[in-house]
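Structural overview
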Amino acid sequence: QVQLVESGGGLVQAGGSLRVSCAASGRTFRNYAMGWFRQAPGKEREFVAAITWSGGSTYYSDSVKGRFTISRDNAKNTVYLQMNSLKPEDTAVYYCAARAGIATMRKYEYDYWGQGTQVTVSS
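As a starting point, this report considers the structure included with it. (Residues numbered from 1 in each chain as written. Predicted model: local features only at pLDDT ≥ 70, side-chain atom pairs only at ≥ 80, totals over all residues. Heavy atoms only, no water.)

**Describing the sheet that holds strand S8 (residues 78-83)**
- The strand order across the open sheet built from four strands is S1-S3-S8-S7, with neighbouring strands paired in antiparallel fashion. Taken across any chain shown, the strands that pair with only one partner, and hence form the sheet edges, are strand S1 (3-7) and strand S7 (68-73). Each neighbouring strand pair of the sheet contributes to a mean axis angle of 15°, computed without reference to strand direction.
- Two strands pair when backbone bridges link them, and S1 and strand S3 (residues 18-25) are joined in this way by five bridges, in the antiparallel orientation. In the strand pairing of S3, Ser7 is matched with Ser21. (Pairing = 2+ DSSP bridges. Helix = DSSP H or I, 4+ residues; strand = E, 2+ residues; numbered from the N terminus. Axes fitted to C-alpha atoms, helices over the stretch in contact; angles between N-to-C directions.)

**Some remarks on the nonpolar core**
- Within the largest apolar cluster, 28 residues are counted, with the highest numbers of intra-cluster contacts made by Leu4, Trp36, Leu81, Met83 and Tyr94.
- Among the secondary structure elements, those contributing two or more residues to this core are S3, strand S4 (33-39), strand S5 (46-51), S7, S8, strand S9 (92-99) and strand S11 (117-122).
- Once residues within four sequence positions are removed from consideration, Leu4 is found in contact with Cys22, Ala23, Ala24, Met34, Cys96, Ala97, Ala98, Tyr112, Trp113, Gly114 and Gln115.
- Ranked by size, the runner-up nonpolar core spans seven residues in total, among them Phe37, Ala50, Ala103 and Tyr110. (Core = buried A, V, L, I, M, F, W, Y, C linked by side-chain atoms within 4.5 Å. Buried < 20%, exposed > 50% of the residue type's maximum accessible area, 1.4 Å probe, protein only. Contact = heavy atoms within 4.5 Å.)

**Here we look at unusual backbone geometry**
- Of note, the phi angle at Asn77 is positive, near 55°, even though the residue is not glycine.
- With respect to the element layout, Asn77 can be found in the loop between S7 and S8.
- Positive phi values are uncommon outside glycine, yet Ser85 reaches one of about 50°.
- In this fold, Ser85 is placed in the loop between S8 and S9.

Structure representation (structure tokens):
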């Protein structure tokens, strides 16, 4: 079992920044690829970013590339998503996910999910 707990969500004005975190427990964190997904009302959950177990490679959706940065600290069993230049369309519930394998952008390939944290960007 792997437990994931997100934190750091909140309300921010357009153009601002926010960092969300995901703390993992229950398994060896270093051996898991991690991903961030988001879901807005009425929409499907979509890929945002992913990082390999070593942290050597990162991947981003086109909508956030250049604005968001994913990173991980295996010593702290934590993955981060730094969000800059936020836009109202970034408003969503953000979820972190883990899988015992390579990084992927497909949500159904992830094994464990956090409860989500709300990020709201106002105009």
